[in-house]
Amino acid sequence: MRRFVNEHPYLTAWIALSIGMVAILLYALQGVDATALQRFWMVVATVAVAGLSVWILSWEDESEDGHTNAGV
């Protein structure tokens, strides 16, 4: 597990952020009259936003020569 986290830091961040964001979303949807299909698409959109967030934050890790500093 630790090896996977070290080898894939962005994927790990995406998974962790997605879990947290989906948990908050489902908590916020309690008592809201939404169909199962609407909830499903909201979860899909939330996971996509989490992925985009991690991708945008990864731009900070790229050095001027195009190499990433993720493993450092």
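Conventions and cut-offs
Residues numbered from 1 in each chain as written. Predicted model: local features only at pLDDT ≥ 70, side-chain atom pairs only at ≥ 80, totals over all residues. Heavy atoms only, no water. Helix = DSSP H or I, 4+ residues; strand = E, 2+ residues; numbered from the N terminus. Expected span 1.5 Å × (residues − 1). Buried < 20%, exposed > 50% of the residue type's maximum accessible area, 1.4 Å probe, protein only. Arc of directions from axis to C-beta. Axes fitted to C-alpha atoms, helices over the stretch in contact; angles between N-to-C directions. Parallel < 35°, antiparallel > 145°, perpendicular 65-115°, else oblique. Left-handed = near helix turned anticlockwise from the far one by under 90°. Contact = heavy atoms within 4.5 Å. Nonpolar A, V, L, I, M, F, W, Y, C, P; charged D, E, K, R; others polar.

Draft legend 1. Structural detail: helix H2 (residues 9–28). Relative to the 28 Å expected for 20 residues at 1.5 Å per residue, H2 spans 28 Å between its end C-alpha atoms, a close match to the ideal helical length. Burial in H2 covers these residues: Ser-18, Val-22 and Leu-25. For H2, the angular spread of buried residues about the axis comes to 60°, placing them on one side. Of the residues in H2, the exposed ones pointing more than 90 degrees away from the buried face are Ile-19, Ile-24 and Tyr-27.

Draft legend 2. Just the packing of H2 against helix H3 (residues 36–58), in detail. Following both chains from N to C, one finds H2 and H3 inclined at 140°, their axes separated by 8 Å at the closest point. Relative to H3, the element H2 lies oblique. Between H2 and H3 lies a crossing of right-handed hand. Along the contact surface, H2 presents Tyr-10, Ala-13, Trp-14, Leu-17, Ser-18, Met-21, Val-22, Leu-25 and Leu-26, while H3 presents Met-42, Val-43, Thr-46, Val-47, Val-49, Ala-50, Gly-51, Ser-53, Val-54 and Ser-58. For the contact of H2 with H3, the per-class residue count stands at 14 nonpolar, five polar and no charged.

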